[in-house]
Amino acid sequence: MEDEFEEYRGPSKSQRKRDALALQKMGEALVALKPHVLEGLELPERLQDAIELAQRTTAHGGKKRQLQYIGKLMRTVDVEPIEQFLAALNDGQQRARGIHHQIEKWRDRLLTEGVEVIDEYMALYPQLDRAHLAKLLRDVAHEAAHNQPPRAKRLVFRYLAELMDPTHGDTAE
């Protein structure tokens, strides 16, 4: 009777396929990164070379095969540091998106409600130069009245970005 039940020998074939697909997806995430971002991650040379080749490959079939190969190489690598790296990168991107949206909301309020909002903003960011921001808002109104490109609107965004996130640097809207 015991011959009917085989002894458990590890994960099922379906689970192994799911695991392999997860590693391939992680490899796709690595391929999508810019080369300078990948430098922060110490990968084995073969995996690094495979990722660089996948980034250069444009043919759909070739890229698909290369991603499968990367997935195969990922099976031999400790993926925990890679998972942590990708998670930290994702968290940083989400934080940056949140700040970007917050800056846009403040800019839009300043543009629609005008100078009255500056006091509220100054309570949060006392380093604000009231005169400079008021001038930028006047410039936005002037540009809108004369159908000019929204240069001042972008300057308002950049100024708010510098106040809210000093690490912001040059960010396009």
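Owing to the predicted nature of the structure, the values given are computational and were not obtained by experimental measurement.

S.K.: Sorry if this is basic, but what is going on with the environment of Leu110 here?
M.R.: Here Leu110 lies in helix α5 (residues 80-113). In this structure, the C-alpha to C-alpha distance between Leu110 and Val156, residues 46 residues apart in sequence, is 9.1 Å. If near-sequence neighbours (up to four positions away) are discounted, Leu110 is found in contact with Val117, Ile118, Leu133, Leu137 and Leu160.

S.K.: Just checking my understanding: could you explain the pattern of salt bridges for this structure?
M.R.: When their charged atoms lie close together, side chains carrying opposite charge are able to pair. Following the criterion strictly, the structure yields five salt bridges and no others. Put simply, Arg107 and Asp108 hold a salt bridge, and the shortest N to O gap is 3.3 Å. Assessed through its relative accessible area of 6%, Arg107 is described here as buried. The exposure class assigned to Asp108 is partly exposed, which follows from its relative accessible area of 35%. Across the pair Arg109 and Glu120 runs a salt bridge, and its minimum N-O distance is 2.9 Å. Of this pair, Arg109 sits in helix α5 while Glu120 sits in helix α6 (residues 116-124), and the two are eleven residues apart along the sequence. Classification of Arg109 as partly exposed rests on a relative accessible area of 27%. Classification of Glu120 by relative accessible area gives partly exposed; the value is 40%. A single network of salt bridges, built from pairs that share partners, joins Arg109, Glu113 and Glu120.

Parameters and conventions
- Residues numbered from 1 in each chain as written.
- Predicted model: local features only at pLDDT ≥ 70, side-chain atom pairs only at ≥ 80, totals over all residues.
- Heavy atoms only, no water.
- Helix = DSSP H or I, 4+ residues; strand = E, 2+ residues; numbered from the N terminus.
- Contact = heavy atoms within 4.5 Å.
- Salt bridge = Lys/Arg side-chain N within 4 Å of Asp/Glu carboxyl O.
- Buried < 20%, exposed > 50% of the residue type's maximum accessible area, 1.4 Å probe, protein only.

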